[in-house]
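What follows is each chain in one-letter form.
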Amino acid sequence: MRIYVAKDYHDMSRKAANIVSAQVIMKPNCVLGLATGSTPEGIYAQLIDWYNKGDIDFSSVKSVNLDEYKGLPRESDQSYYYYMNEHFFKGINIRPENTHIPNGMEPDSEKECARYNRVIESVGGIDLQILGIGANGHIGFNEPGEAFEKETHCVALTESTIEANSRFFENRDDVPRYAYSMGIKSIMQAKKILLVASGAGKADAMYAALCGPITPAVPASILQLHNDVTVVADGAALSKIQL
Ligand SMILES: N[C@@H]1[C@@H](O)[C@H](O)[C@@H](COP(=O)(O)O)O[C@@H]1O
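Residues numbered from 1 in each chain as written. Predicted model: local features only at pLDDT ≥ 70, side-chain atom pairs only at ≥ 80, totals over all residues.

Asker: Would you mind showing me how to read the overall build of the protein here?
Answerer: Of the regular secondary structure elements, the protein holds 7 helices and 10 strands. Since a compact globule built from 243 residues should have a radius of gyration of about 18 Å, the 17 Å found for the protein is in line with a globular shape. If you line up the protein on its principal axes, its C-alpha atoms span 45 × 40 × 35 Å. Residue burial in the protein is summarised as follows: out of 243 residues, 44% are buried. (Helix = DSSP H or I, 4+ residues; strand = E, 2+ residues; numbered from the N terminus. Rg over C-alpha atoms; globule rule 2.2 N^0.38 Å. Buried ≥ 20, exposed ≤ 12 C-beta atoms within 10 Å, placed from the backbone.)

Right under this line is the structure:
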């Protein structure tokens, strides 16, 4: 595991965007595993900037997203479908048919999870997976639990995640209670993983994930078993870790 300490959020975003950019340059038809949340917004903004300068081409790139709220229509400004278009896809030349996100409006969880598993398989696996981390150690929407969920599954969001994500919604009651999430096995099968984190609010989660026991109680701790993880985080997020 390589850990890069960034000066601040902007520096973290640039360093992480450089890693994504290198992946796309070295393998123009790569599969990117994409994440949402506020942390990767700066990475996407930087990549759009480099795309506009002609430095990077996404025309052959494919993407699979980690997760989506269940029950939110695509047009909702809180759906991850909306987020990805707003923060990334509309600013670059990725082909819409090459982008994949779980369908939050499919009420039949079994059907949607099976479909998304087939999508992940059909793109041929993930070359580089971008991950944020929840304050409770979740990755994607793999919430702390008693076992690692292997494949795409429907998750009952924990109270702490509902609380953390309520900042994006008008009312706490508007936060969906369920989500579809890529499973731990699919994430762990990515060839490379790029974990990004910023701010003191992530310090405990980062310590538990990178230095604590490997346990489904801290889903991100499984990353200790992956052989190609790069962490880019600011000093505040890494403050509990002795480097
Ligand atoms: N499902 C997402 C995660 O993929 C994300 O990593 C996490 C942290 O979000 P943020 O970067 O906004 O702190 O929250 C959400 O619940």
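Asker: What am I meant to see in the nonpolar core here?
Answerer: General note: in soluble globular proteins, nonpolar side chains tend to be found buried as a group. Among the nonpolar cores identified, the biggest contains 65 residues, and Val196 and Ala233 are the most heavily contacted of them. Contacts of alanine 233, omitting those with residues within four sequence positions, involve Ala6, Met12, Val196, Ala197, Ser198, Met206 and Leu238. (Core = buried A, V, L, I, M, F, W, Y, C linked by C-beta atoms within 7 Å. Contact = placed C-beta atoms within 7 Å.)

Asker: Is there a simple way to think about the pairing of strand E7 (residues 153-156) in this case?
Answerer: The side chains of a regular strand alternate, residue by residue, between the two faces of the sheet. Taking every second residue as pointing to the same face, the buried face of E7 carries His153 and Val155, while none of Cys154 and Ala156 on the other face is buried. Across 4 bridges, the pairing between E7 and strand E8 (residues 178-181) is antiparallel. Residue pairing in the sheet places alanine 156 in a bridge with tyrosine 178 of E8. (Pairing = 2+ DSSP bridges.)

Asker: Explanation requested: the site of the ligand in the structure shown.
Answerer: If you check the shell around the ligand, you find 14 residues, and the closest are Gly37, Ser38, Thr39, Gly132 and Gly134. Considering only residue class, the shell around the ligand consists of 4 nonpolar, 9 polar and 1 charged. (Near = placed C-beta within 6 Å. Nonpolar A, V, L, I, M, F, W, Y, C, P; charged D, E, K, R; others polar.)

Asker: How should the sheet that holds E7 be read in this particular structure?
Answerer: Pairing is antiparallel in the open sheet, where 3 strands are placed in the order E4-E8-E7. One side of each edge strand has no neighbouring strand; the edge strands of this open sheet are strand E4 (67-69) and E7. Within the sheet, the average angular offset between the axes of one strand and its neighbour, ignoring direction, is 25°. (Axes fitted to C-alpha atoms, helices over the stretch in contact; angles between N-to-C directions.)

Asker: Explain helix H3 (residues 80-87) to me, please; I cannot follow it from the model alone.
Answerer: Turning to H3, its buried residues are Tyr80, Tyr81, Tyr83 and Met84. Down the axis of H3, the smallest arc covering the buried residues is 165°, so these residues share one side. Tucked inside the fold, the buried residues of H3 contact strand E2 (31-34), strand E3 (62-65) and E4. (Arc of directions from axis to C-beta.)

Asker: Where do I start with the confidence of the model for the protein in this structure?
Answerer: Residues shown with low pLDDT carry predicted positions that ought not to be read at fine detail. For the protein, per-residue confidence averages 97 on the pLDDT scale, and 100% of positions sit at 70 or higher. The complex prediction reports pTM at 0.97, with the ipTM value standing at 0.95. (pLDDT = per-residue confidence, 0-100.)

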